[in-house]
Amino acid sequence: MDQLIFILVLAVVVTIHEFGHYTFARLMSVKVKRLQLFFYSFYSFKPRPSTKQGKGTSWRDTEYAIGWLPFGGFTSYFMRPRYIVTSPDGSQHIVVGDPSVTSSGPDTYYDTKSAWRRLLISIGGVLFNILTALIIYVGIIMLSDTDGSIGFLDELSAGFSFMVYGVGSTFSNILGMFGLHIDNPSISPEHYDIIRSFLATASEHTFLIRIADLSTVLFLINILPILPLDGGHAILEIYEIFTGKEPSERFKRYASIVGSIIFIIVFWILPMISSR
């Protein structure tokens with residue numbers, strides 16, 4: 001039963017995360033090619049194209065899919081087409097965009113957007129996760145305030161303090177796998193009574209609290225500055241914002257390989273070793 005509940009909670013958290021990317025992509029006028037929850041899809045759905053010739057993006061642009069392996073998901077975007085062109089001297093090079101097309105209509109390609117727009121799309125998922133956690137914590141604190149004695153700003157501040165405490169504790173546990181130690185962030189003394197009321201009613205909202213807790217974990221993991229995680233993409237886009245130079249595809253490819261190896265070691269191999 002606990003495993004089924006965990007999968008359900010994970011499904012909710014992953015859905016919120018991917019819809020964060022999806023929402024920011026739509027806000028940045030980027031067409032979303034595929035939105036998939038979980039890996040190894042067993043069902044996909046592509047809406048019929050709209051009969052109206054509108055500008056910008058639409059939910060009908062996207063193929064929606066669900067997989068059977070509950071360990072994440074992904075959102076992909078439309079990119080400019082790339083072609084291999086052969087020069088008269090026989091050499092070949094890649095051309096981005098179709099040279100035969102002179103007017104492509106609204107610019108909805110991901111790779112034509114500015115670095116700061118791509119940065120917002122990259123962190124959209126973790127922003128939705130951390131906001132979900134904050135909303136849940138504050139909401140439960142508000143429900144525990146049966147006599148209405150706590151002001152909204154105090155409830156918001158206490159919820160934020162508890163969320164920061166949770167993120168810090170998770171980060172401390174990750175560092176502990178490497179033998180490193182940091183002090184956990186403490187909850188402000190003025191929030192003690194509010195948090196006590198929150199914890200006293202926590203058993204009544206177990207499912208929501210699990211969603212909030214897992215949201216903070218997913219936020220912390222995905223914000224790590226390694227590819228192919230969201231934090232890795234964000235670092236490259238911040239680099240581009242300050243230097244005006246986009247890292248090469250070759251660098252991104254090798255960085256993704258190295259990052260994947262680091263991720264497997266940190267979140268799979270080391271936990272198995274430490275559990276023995």
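Just so you know, these numbers come straight off a predicted model, no measurement behind them.

## With respect to the overall build of the protein
Argument step 1. Looking only at helices and strands, the protein features 7 helices and 4 strands.
Argument step 2. N-terminal to C-terminal, the α/β element order of the protein is α-β-β-β-β-α-α-α-α-α-α.
Argument step 3. Taken over 276 residues, the protein has a buried fraction of 38%.
Argument step 4. Once local pairs closer than 6 in sequence are excluded, the contacts in the protein between residues at least 24 apart make up 71%.

## Overview of the side chain of Ser161
Argument step 1. For Ser161, the location among the structural elements is in helix H3 (residues 152-176).
Argument step 2. With relative accessibility at 11%, the residue Ser161 sits in the buried group.
Argument step 3. Among residues more than four places away in sequence, those in contact with Ser161 are Ile187, Ser188 and His191.

## Concerning the pattern of salt bridges
Argument step 1. Following the criterion strictly, the structure yields 4 salt bridges and no others.
Argument step 2. The partner of Glu249 in a salt bridge is Lys252, and the shortest N-O contact between them spans 3.8 Å. With Glu249 and Lys252 both in helix H7 (residues 249-274), this residue pair falls 3 residues apart, about one helical turn.
Argument step 3. Put simply, Glu246, Glu249 and Lys252 are held in one network by salt bridges that share partners.

## Quick notes on unusual backbone geometry
Argument step 1. Omega for the bond connecting Leu227 with Pro228 falls within 30 degrees of zero, at 5 degrees, which places this linkage in the cis form.
Argument step 2. Relative to the helices and strands, Pro228 is located in the loop between helix H5 (206-222) and helix H6 (230-243).
Argument step 3. Backbone geometry places Ser29, a non-glycine residue, at a positive phi of 60 degrees.
Argument step 4. Within the element layout of this structure, Ser29 appears in the loop between helix H1 (2-27) and strand E1 (32-45).
Argument step 5. For Ser29, a relative accessible area of 32% puts it in the partly exposed group.
Argument step 6. Phi at Tyr40 is positive, roughly 60 degrees, even though this residue is not glycine.
Argument step 7. Relative to the helices and strands, Tyr40 is located in strand E1.

## Side note on a nonpolar patch on the surface
Argument step 1. A cluster of nonpolar side chains, Tyr254, Ile257, Ile261, Phe263, Ile264, Ile265, Trp268, Ile269, Met272 and Ile273, forms an exposed patch at the surface whose accessible area comes to about 930 Å².
Argument step 2. Considering the arrangement of structural elements, one finds Tyr254 in helix H7.

## Some remarks on H5
Argument step 1. With 17 residues, H5 should reach 24 Å at 1.5 Å per residue; the first-to-last C-alpha distance of 24 Å fits that figure.
Argument step 2. Every buried residue of H5 is listed here: Ile209, Ile211, Ala212, Leu214, Ser215, Thr216, Leu218, Phe219, Leu220, Ile221 and Asn222.

## A look at the environment of Ala158
Argument step 1. Structurally, the position occupied by Ala158 is in helix H3.
Argument step 2. Taking C-alpha positions, Ala158 is 6.9 Å from Ile194, a pair spaced 36 residues apart along the chain.
Argument step 3. Other than its neighbours up to four places away in sequence, Ala158 contacts Ile141, His191, Ile194 and Ile195.

## Topic: the packing of aromatic side chains
Argument step 1. In total, this model carries 6 aromatic pairs according to the counting rule given.
Argument step 2. Residues Phe19 and Tyr22 carry aromatic rings whose centres are separated by 5.7 Å and whose planes lie at 65 degrees to one another, so their mutual orientation is edge-to-face. Of this pair, Phe19 and Tyr22 both sit in helix H1, 3 residues apart, roughly one helical turn.
Argument step 3. Judged by relative accessible area, which is 8%, Tyr22 ranks as buried.
Argument step 4. Aromatic side chains Tyr137 and Phe162 sit 5.1 Å apart centroid to centroid with 80 degrees between the ring planes, which places their arrangement in the edge-to-face category. Residue Tyr137 is found in helix H2 (residues 115-144), and its partner Phe162 is found in helix H3; the two are separated by 25 residues along the sequence. Across the pair, exposure class does not vary: Tyr137 and Phe162 are buried alike.
Argument step 5. Pairwise contacts between aromatic rings join Phe19, Tyr22 and Tyr64 into one cluster.
Argument step 6. In this structure, Arg253 is placed above the aromatic ring of Tyr254, and the distance from its NZ or CZ to the ring centre is 5.7 Å.

## Topic: the side chain of Lys113
Argument step 1. Counting through the fold element by element, Lys113 comes out in the loop between strand E4 (92-96) and H2.
Argument step 2. Lys113 gets classed as buried once you look at its relative accessible area, which sits at 12%.
Argument step 3. What Lys113 contacts, discounting residues up to four positions off in sequence, is Met28, Ser29, Val30, Asp107 and Arg118.

Rules behind the numbers
- Residues numbered from 1 in each chain as written.
- Predicted model: local features only at pLDDT ≥ 70, side-chain atom pairs only at ≥ 80, totals over all residues.
- Heavy atoms only, no water.
- Helix = DSSP H or I, 4+ residues; strand = E, 2+ residues; numbered from the N terminus.
- Buried < 20%, exposed > 50% of the residue type's maximum accessible area, 1.4 Å probe, protein only.
- Contact = heavy atoms within 4.5 Å.
- Salt bridge = Lys/Arg side-chain N within 4 Å of Asp/Glu carboxyl O.
- Patch = residues over 30% accessible without salt bridge, like charges linked within 9 Å, V, L, I, M, F, W, Y side chains within 5 Å.
- Areas by Shrake-Rupley, 256 points an atom, 1.4 Å probe, with all protein chains shown as cover.
- Expected span 1.5 Å × (residues − 1).
- Phe/Tyr/Trp six-rings, centres within 6.5 Å; stacked < 30°, edge-to-face > 60°.
- Lys NZ or Arg CZ within 6 Å of the ring centre and 35° of its normal.

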